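This is what each chain is made of:
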Amino acid sequence: MTVAVSFEFFPPKTPEGAAKLRLTRQDLYGFKPEFCSVTFGAGGSTQEGTFGTVGEILAEEVDAASHFSCVGASKTTVREQLAALRAMGVRRLVALRGDLPSGYGMGGEFHYASDLVAFIRAETGDAFHIEVAAYPEIHPQAKSAAADLQAFAAKVKAGANSAITQYFFNADAYFRFVDDARRLGVDEPVVPGIMPITSSTQLMRFSDACGAEIPRWIRLRLQGFGDDTDSIKSFGLDVITALCDQLCTAGVPGLHFYTMNQSAATAEILRRLQPV
Ligand code: FAD
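Only a predicted model underlies this, so the values are computations on that prediction, with no experimental measurement involved.

### Structural notes on the pattern of salt bridges
By the definition in use, this model includes twelve salt bridges. A salt bridge links E60 to R25; the nearest nitrogen and oxygen atoms lie 2.8 Å apart. Residue E60 is located in the loop between α2 (47-59) and β3 (64-69), and its partner R25 is located in helix α1 (residues 15-29); the two are separated by 35 residues in the primary sequence. Its relative accessible area of 25% is what places E60 among the partly exposed residues. Across the pair E34 and R92 runs a salt bridge, and its minimum N-O distance is 3.4 Å. Here E34 is found in the loop between α1 and β2 (35-38), whereas its partner R92 is found in strand β4 (residues 92-96), with 58 residues between them in sequence. For R92, a relative accessible area of 9% puts it in the buried group. Each of R22, R25, E56 and E60 takes part in one network of salt bridges that share partners.

### Some words on the packing of aromatic side chains
Summed over all chains, the structure comprises eleven aromatic pairs. Three or more aromatic residues link up through ring pairs in this structure, and these residues are F40, F51 and F68. The ring of F206 is capped by R205, whose NZ or CZ atom sits 5.7 Å from the centre of that ring.

Each value, and the rule that gives it
Residues numbered from 1 in each chain as written. Predicted model: local features only at pLDDT ≥ 70, side-chain atom pairs only at ≥ 80, totals over all residues. Heavy atoms only, no water. Salt bridge = Lys/Arg side-chain N within 4 Å of Asp/Glu carboxyl O. Helix = DSSP H or I, 4+ residues; strand = E, 2+ residues; numbered from the N terminus. Buried < 20%, exposed > 50% of the residue type's maximum accessible area, 1.4 Å probe, protein only. Phe/Tyr/Trp six-rings, centres within 6.5 Å; stacked < 30°, edge-to-face > 60°. Lys NZ or Arg CZ within 6 Å of the ring centre and 35° of its normal.

The structure is reproduced here in structure tokens:
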């Protein structure tokens, strides 16, 4: 099965982390990603690391997308950051609102990702291919499922080229989301975000924070493995490969992997999907 893939990394905090991420990227480049993306800390807290990692990926002759969050930002800062990215040769952005740590007011001149998308288009025309975030299981702060879907459609219509979803384990949530978005006139690709399962506690923590639902049968199986990491990884590979297989069979436009800067699980899932 051949499907377009992309890989997401976070900016490493230490020189050791940066060296390890270089090896991770080399392991994954064999799968010929359409692009690799690098996350961006809300409030610009990781700007240097994000832009630095994006620059390394471009130097490795792989297309790179910089995530870009606008919460708390001023138009002047965003304008400067966009100019810096263009000067680096970056042609792809994942445009986000982002989340400020609790205790910070929202502030800033942008309220939603749609404001950022519209601003980027107004300021830079077609200089960037813009991805936005999608939530098949509904963004945790949404007023309602319908309001979230309307907000998603408005965000795409503000000028996005495509979307990447939050991770999910229930393919039906994704299929329904895409059908509903199409009914609202969204024709752009909606690429499923895939989270390999490698650790039970980490997955529970992330999923609580971002509103991704872990089905009961997966949660209980993971809990039952306790500290047996080999069993967790083996189960995770089976579950996520089956999910990807189901998505690919349905004709999804690509798979975007949340690699957590690790190559092993993502590479094994892709090997199982694309046997050589
Ligand atoms: P928005 O699209 O602005 O939506 C945020 C909320 O506001 C939703 O509840 C929506 O329903 C609501 N809303 C939108 N427009 C309106 C409106 N006009 N009126 C009323 N309500 C509205 N976070 C990071 O900090 N850094 C990253 O690099 C990062 N990368 C991500 C990549 C992907 C693929 C995904 C799925 C998420 C990522 N996130 C990242 C997390 C993201 O920043 C959070 O989920 C954040 O809470 C929402 O960002 P958004 O761009 O989806 O916001």
